[in-house]
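A closer look at the structure
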Amino acid sequence: MEKKYILALDQGTTSSRAILFDQAQNIIGISQKEFTQFYPHEGWVEHDAMEIWSSQYAVMMEVIAQSGIDPHDLAAIGITNQRETTILWDRETGRPIHNAIVWQCRRTAELVDSLVERGLGDHIKKTTGLIPDAYFSATKVKWLLDHVEGAREKAERGEVLFGTVDSWLVWKLTGGAAHVTDVTNASRTMLFDIHKLCWDERLLEELDIPKAMLPQVRSSSEIYGCADIQGVKVPIAGMAGDQQAALFGQTCFRPGDAKNTYGTGCFLLMNTGETPVESQNGLVTTIAVGLGDKVQYALEGSVFVGGAVIQWLRDELRFFNESRDAEYYAQKVPDNGGVYLVPAFTGLGAPYWDMYARGTIVGLTRGTKREHIIRAAQESIAYQVCDLVHAMEADTGMPLTALKADGGASRDRFLMQFQADIMGRELRRPAIRETTALGAAYLAGLATGVWKDLTEIRQLWKCDNTFTPAMESGERERLLVEWHKAVGRSQGWAK
């Protein structure tokens, strides 16, 4: 009997999840477990790597037990993970030497500033595709080596290992047999040359990071080792960072294909094919996927406040009780009544990169109602995504074919239709919105013969809704001009 099930481990920032898919990409079972967030100082964020492991292992076993499948019927395990989060552990004991430093943690901002002051900013951008920032793993590794006693000496002897969350999970699942990462996760460390596909010697030297502690970099779809599940050896065969996994899960396999994840923030990734595109418009260049000995690249833009603006209206302004009510209220008025809300609560991300911008509501009149402000908040999510689309098209010279949407806020039909209208592009929402886990499952299934090629996978992808632009171009241009005027009012406010 052919093995038809794929287990996707989706290790996120606040919870660990396991989703079981069959060959027709039906979801057979889901299990989820939240874990502790640690904030030792202002701007610092940590996780207990052992709790990440125990929660991920628990949901994996739970979903197998709940679905009642025999582990012999598991074809493979695929892993997707929160990116950039940094773990150092002891090779002998398999225990972390410190809490994991999470991607959100800002403790190494001064280290990044010192790299830029030493003239490394341009080298980082050209080599790694990234903008120098404390967000990425490189300076987190240096901080741990500097602050944990004896860590650097042990790392030089290969006794302390570094990994992002994918590496850590594979190490634990294989009982220490495999110390690996994939090209997508490596490309988020700010230590990896995305052109030569190897660790960058100059950055390792500048940060005093011993090469002996680094994982081996592999493709996103191959067998890395086996996990023992109830005495059955199940291959671990797919691996990608969460946003890249979602891009793959949305079958964005061709240059110009793009997806946007509507979560707390928004992440827009566009496949640019086998040639990396260096952004002139505030986006980062990253590896989309590695298949065989080839990689595809992507441009990535991030919006800091997406769905979070709706949570703000709910929790702080008390405009409604449930986030989903925003859709109802936004449609109670025929337009925004000239009101624009710029949700720059923590500054503006791509393509503006203005950390001094602050939230702004403009265009209020005596006739402004609560509904106008709610509608303006909904529209602000779409405007910000539209800015990213324009930045990507300017960088690549490639028109966007269509935008695929996923994430929690993609359920909102008003937002999806307005997004299509303001972009003047079709927007497609998939039948399965668990696209991150699905991407990891696709990668694992390709490596183990569950699906034979990308064509077969593309045929599996089903569209739930297509939103077609219905706005006249003159109206679209007028709204975008007003939006950019509002953004201008918010910029530099806190300087």
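To keep things clear, this report deals only with the structure shown in the data block. (Residues numbered from 1 in each chain as written. Predicted model: local features only at pLDDT ≥ 70, side-chain atom pairs only at ≥ 80, totals over all residues. Heavy atoms only, no water.)

1. So, the packing of helix α13 (residues 413-423) against helix α16 (residues 473-490)
The following threshold applies: What counts as an axis is a line fitted to C-alpha atoms, over the stretch in contact for a helix, and the angles between N-to-C directions run from 0 to 180 degrees. Every helix listed is a DSSP run of H or I at least four residues long, and every strand listed is a run of E at least two residues long, numbered separately from the N terminus. Angle categories are assigned with fixed cut-offs, so that under 35 degrees is roughly parallel, over 145 is roughly antiparallel, 65 to 115 is roughly perpendicular, and the rest are oblique. Contacts are assigned to residue pairs that have any heavy atoms within 4.5 Å of one another. The nonpolar class holds Ala, Val, Leu, Ile, Met, Phe, Trp, Tyr, Cys and Pro. Asp, Glu, Lys and Arg form the charged class, and all remaining residues, Gly among them, are polar.
Interhelical geometry of α13 versus α16 gives an angle of 100° and a closest axis separation of 9 Å. It follows from the interaxial angle that α13 and α16 lie roughly perpendicular. Contacts between α13 and α16 involve Phe418, Asp421, Ile422 and Met423 from the former and Arg476, Leu479 and Leu480 from the latter. A per-class count over the contact of α13 with α16 returns five nonpolar, no polar and two charged.

2. Regarding the sheet that holds strand β1 (residues 5-11)
Operational definition: Pairing between strands is defined by DSSP: at least two bridges between the two strands are required.
If you walk across this open sheet you meet the six strands as β3-β2-β1-β5-β14-β13, and the pairing is mixed. Either end of the sheet is taken by a strand with one partner, and the two such strands are β3 (27-34) and β13 (221-229). With direction set aside, neighbouring strand axes in the sheet form an average angle of 25°. Summarising the sheet, β1 and strand β5 (residues 74-81) pair through seven bridges and their orientation is parallel. Its bridge partner being in β5, Ile6 is matched across the sheet by Ala76.

3. Focus: unusual backbone geometry
The peptide bond linking Ala350 to Pro351 adopts the cis configuration, its omega dihedral lying at -5°. Tracing the sequence through the fold places Pro351 in the loop between β19 (340-342) and β20 (360-362). In this model, Leu197 sits at a positive phi of 60°, which is unusual for a non-glycine residue. Its place among the elements puts Leu197 in the loop between β10 (192-193) and β11 (198-199).

4. Notes on the environment of Ile69
Put simply, the rule reads: The rule is simple: take the accessible area with a 1.4 Å probe, protein chains only, and divide by the maximum for that residue type; under 20% is buried, over 50% is exposed, in between is partly exposed.
Among the structural elements, Ile69 can be located in the loop between α1 (49-67) and β5. By relative accessible area, Ile69 is classed as buried at 12%. Taking C-alpha positions, Ile69 is 47 Å from Leu348, a pair spaced 279 residues apart along the chain. Beyond its immediate stretch of four places on either side in the chain, Ile69 contacts Tyr5, Leu20, Ile64 and Leu74.

5. What to know about the nonpolar core
So the rule is basically this: Residues belong to a common nonpolar core when they are buried Ala, Val, Leu, Ile, Met, Phe, Trp, Tyr or Cys residues joined through side-chain atoms within 4.5 Å.
In terms of nonpolar packing, the biggest core is built from 57 residues, with Tyr262, Phe320, Tyr383, Leu403, Ile422 and Leu427 touching the most fellow members. Among the elements that make up this core, the one with the highest residue count is helix α12 (residues 370-396) (13 residues). Ignoring any residue separated from it by four or fewer positions in sequence, one finds Ile422 in contact with Ala382, Tyr383, Cys386, Met471, Arg476, Leu479 and Leu480. If you look at the next biggest cluster of nonpolar residues, it comprises 44 residues, including Val183, Met213, Ala288 and Tyr297.

6. Here's the deal with the state of the cysteines
What counts is decided by this rule: Note on terminology: disulfide denotes any pair of cysteine sulfur atoms within 2.5 Å.
This structure, assessed with the given rule, holds zero disulfides. You can see Cys266 has no disulfide; the closest cysteine sulfur is in Cys386, sitting 12 Å from it. Relative accessible area serves as the criterion here: at 1%, Cys266 is assigned to the buried category.

7. Examining the side chain of Asp200
The cut-off we apply is this: As used throughout, the charge tally considers Lys and Arg to be positive and Asp and Glu to be negative, leaving His and the chain termini uncounted. Any carboxyl oxygen of Asp or Glu that lies within 4 Å of a side-chain nitrogen of Lys or Arg is treated as forming a salt bridge with it.
Among the structural elements, Asp200 can be located in the loop between β11 and α8 (201-207). For the buried residue Asp200, which engages in no salt bridge, the nearest side chain bearing the opposite charge is Lys196, 6.2 Å off.

8. Here we look at the pairing of strand β16 (residues 266-273)
Of all the eight residues making up β16, eight are buried; the element is thus mostly covered by neighbouring parts of the structure. Examined bridge by bridge, strand β15 (residues 258-262) and β16 share five bridges and lie antiparallel to one another. Directly across from Thr261, in β16, lies its bridge partner Phe267. Hairpin connection, β15 to β16: the antiparallel pair is bridged by three residues. As defined by bridge partners, β16 adjoins strand β18 (residues 294-303) across seven bridges and the pair is classed as antiparallel. Looking at β18, one finds that Leu269 is bridged to Glu300.

9. A closer look at helix α4 (residues 138-147)
With eight of 10 residues buried, α4 is to be regarded as a mostly interior element. For α4, the full list of buried residues reads Ala138, Thr139, Lys140, Val141, Lys142, Trp143, Leu144 and Leu145. Buried residues belonging to α4 abut β6 (87-90), β7 (100-101), α2 (109-117), α5 (151-156), β8 (160-163) and α8.

10. Comments concerning the environment of Leu111
Positionally, Leu111 belongs in helix α2. Leu111 sits 31 residues away from Lys142 along the chain, and the two C-alpha atoms are 8.9 Å apart. Each residue touching Leu111, except ones within four places of it in the same chain, is listed here: Thr139, Lys142 and Trp143.

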